[in-house]
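Each chain is listed here by its residues.
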Amino acid sequence: MATYKGIQGYSVQKLATDPTASEAVGQLWYNSTDYKFKISVDAGGSWASASNINTPRQETFGTGPGTAGMIVNGSTSSNDADQVYVCEVFDGTSWAETGDTTQRRQDGASAGVATSALVTAGYTTSPRGNSPFTETFNGSTWTEETNIVNGIQGRRGLGATEDASLIVSADSSNYCELWNGSSWSELNDQNTARSGQGTFGTSTVGIGAGGSPDSTITESWDGTSWTVASALNTGRTYASGAGIQTNGLVFGGTPPATGKTETYDGTSWTESGDLSIAKYYAAGGGTGAAAISMGGIPGVPAQQSSEQWTSPVYAVKTVTVS
């Protein structure tokens, strides 16, 4: 009679106690206490629609997590004259306007969380052009800081707080800069300059994925240098990102507008649940367990939408041995 080892190429483990669900993904083991085989499976993550933001917008940016998101600036139409100063915060149920920024802009960079955030770079109409203007947010008000050296639009940010924010490249410059709470310093460049990357992680351990033109390129940051990592399954520009280097996700992007979401485990990308509205140029942020997507293109449904990400659920399937 064929054995499980003969079919699968490895033997079934005999364990005194069950491993945790997350440790047991894809494993099969035998527990001598209840005489059952158990398989742990990844039930997959998913997006759920949340309350609409109050000021629909695109080419916007912001932070997470999913229950405490913040959306900043952007434009209410394809006309850059319709840029807004408005900032809104999310309490897990509804959106409320908070303190406006000093400068309005679109297609810029953000980092941190809703109580300690930074925005910089992008395109502004006040005055018109690429903006080096930098502002930080303490949960209620914005404060002007030292300008970033390269304010070109299309740059993106990552970082856990405003005083440890890494701003990555934008085509045609692969320049990366770190804000330490008082000044900017140039760090090692990315290998490939790209606008509109999906970014996540911290200023010392992070990921930049995708970007113009419709790239699958992923680069991993270790606090000193960038290393090419596993490529995205779907090339995209102007996507959003959330999470940490070993548990992150990239979602949305173009062309065409997509709702595709990919999760990253520190080694490889896996396609997961799609956004309900295909979009790009949306704000995003949060953790691998609780991310948020806000606003975007195309059209009003995308501009006013917000969606919350629920992390993968690990379920243990039990099969009784006869």
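What counts as what
- What you see as residue numbers is a count from 1 along each chain, following the sequence as written.
- pLDDT decides what is reported in this predicted model: residues at 70 or higher carry local features, side-chain atom pairs at 80 or more are listed and counted, and totals for whole chains, interfaces and linings draw on all residues regardless.
- The side-chain values count all of the structure's non-hydrogen atoms but skip hydrogen atoms and water molecules.
- What we call a nonpolar core is a set of buried Ala, Val, Leu, Ile, Met, Phe, Trp, Tyr and Cys residues that are connected through their side-chain atoms within 4.5 Å.
- Exposure categories follow from relative accessible area, calculated using a 1.4 Å probe and restricted to protein chains: below 20% of the type maximum is buried, above 50% is exposed, and the middle band is partly exposed.
- Numbered from the N terminus, helices here are DSSP runs of H or I no shorter than four residues, and strands are runs of E no shorter than two.
- The contact criterion used throughout is that any non-hydrogen atoms of two residues lie within 4.5 Å.
- At least two bridges found by DSSP between two strands is the condition for calling them paired.
- Axis lines are fitted through C-alpha atoms, for helices just across the contact stretch, and the angle between N-to-C directions can take any value from 0 to 180 degrees.
- The term salt bridge refers to a side-chain nitrogen of Lys or Arg lying within 4 Å of a carboxyl oxygen of Asp or Glu.
- Side-chain rings of Phe, Tyr and Trp (the six-membered ring for Trp) are treated as a pair once their centres are within 6.5 Å; stacked means planes under 30 degrees apart, edge-to-face means over 60, and tilted covers the remaining angles.

## Quick look at the nonpolar core
So, step 1. Ranked by size, the top nonpolar core spans nine residues in total: Phe61, Met70, Val72, Cys87, Ala114, Ala117, Val119, Phe137 and Trp142.
So, step 2. Breaking this core down by element, the ones donating at least two residues are strand 6 (70-72) and strand 10 (116-120).
So, step 3. The residues touching phenylalanine 137, leaving out its near neighbours within four places in the chain, are Met70, Thr98, Ala114, Thr115, Ser116, Ala117 and Trp142.

## Considering the sheet that holds strand 19 (residues 198-201)
So, step 1. On the basis of which strands lie adjacent, the open sheet formed by four strands has the order 19-20-21-22 and antiparallel pairing. Edge positions in the sheet fall to strand 19 and strand 22 (226-229), since each has one partner strand and no second. Direction aside, the axes of adjacent strands within the sheet are offset by 20 degrees on average.
So, step 2. Where strand 19 lies against strand 20 (residues 206-209), four bridges are found, and the strand directions are antiparallel. Across the sheet, phenylalanine 200 pairs through a bridge with isoleucine 207, a residue of strand 20.

## Considerations on the pairing of strand 9 (residues 109-113)
So, step 1. Extensive coverage of strand 9 is indicated by the burial of four of its five residues.
So, step 2. With five bridges joining them, strand 9 and strand 10 adopt antiparallel strand pairing. Counted as the bridge partner of serine 110 is valine 119 from strand 10.
So, step 3. Linking strand 9 to strand 10, which pair antiparallel, is a turn of two residues.

## Considering the pairing of strand 24 (residues 247-251)
As a general feature of sheets, a regular strand has side chains that alternate between the two faces.
So, step 1. Where burial is concerned, most of strand 24 is hidden: four out of the five residues are buried.
So, step 2. Connecting strand 23 (residues 240-244) to the antiparallel partner strand 24 that follows it, the hairpin turn spans two residues.
So, step 3. The pairing of strand 24 with strand 25 (residues 261-264) spans four bridges and is antiparallel. Paired with phenylalanine 251 across the two strands is threonine 261, which belongs to strand 25.

## Re the pattern of salt bridges
So, step 1. Under the counting rule described, the total for this entry stands at seven salt bridges.
So, step 2. Ionic pairing is found between aspartate 107 and arginine 156, a salt bridge with its closest N-O pair at 2.9 Å. Here aspartate 107, found in the loop between strand 8 (95-97) and strand 9, pairs with arginine 156, found in the loop between strand 14 (142-145) and strand 15 (157-158); they are 49 residues apart in sequence, far enough to count as distant. One exposure class covers both aspartate 107 and arginine 156, and it is buried.
So, step 3. Between glutamate 262 and arginine 236 there is a salt bridge, with the nearest N and O atoms lying 2.9 Å from each other. One end of the pair, glutamate 262, is in strand 25; the other, arginine 236, is in the loop between strand 22 and strand 23, with 26 residues separating them in the sequence. In this structure, glutamate 262 and arginine 236 share a single accessibility class: buried.

## A few points about the environment of glycine 266
So, step 1. Positionally, glycine 266 belongs in the loop between strand 25 and strand 26 (269-272).
So, step 2. You can call glycine 266 partly exposed: its relative accessible area is 34%.
So, step 3. When the C-alpha atoms of glycine 266 and serine 230 are compared, they prove to be 9.1 Å apart, with 36 residues separating the residues in sequence.
So, step 4. Not counting the four nearest positions on each side in its chain, glycine 266 is found in contact with Gln245 and Thr246.

## A look at the sheet that holds strand 14
So, step 1. Taken in spatial order, the four strands line up as 9-10-13-14 in an open sheet, and their pairing is antiparallel. In the strand order of this sheet, the two ends are held by strand 9 and strand 14, each with one partner. Between one strand axis and the next, the sheet turns through 20 degrees on average, direction left out of account.

## What about the packing of aromatic side chains?
So, step 1. Taken as a whole and assessed by the stated rule, the structure comprises 11 aromatic pairs.
So, step 2. Geometrically, the ring pair formed by tryptophan 179 and tryptophan 184 is tilted, given 5.3 Å between the ring centres and 50 degrees between the ring planes. Residues tryptophan 179 and tryptophan 184 agree in their burial class; the two are buried.
So, step 3. Ring pairing ties together the aromatic residues Trp47, Phe251 and Trp309, which thus form one cluster.

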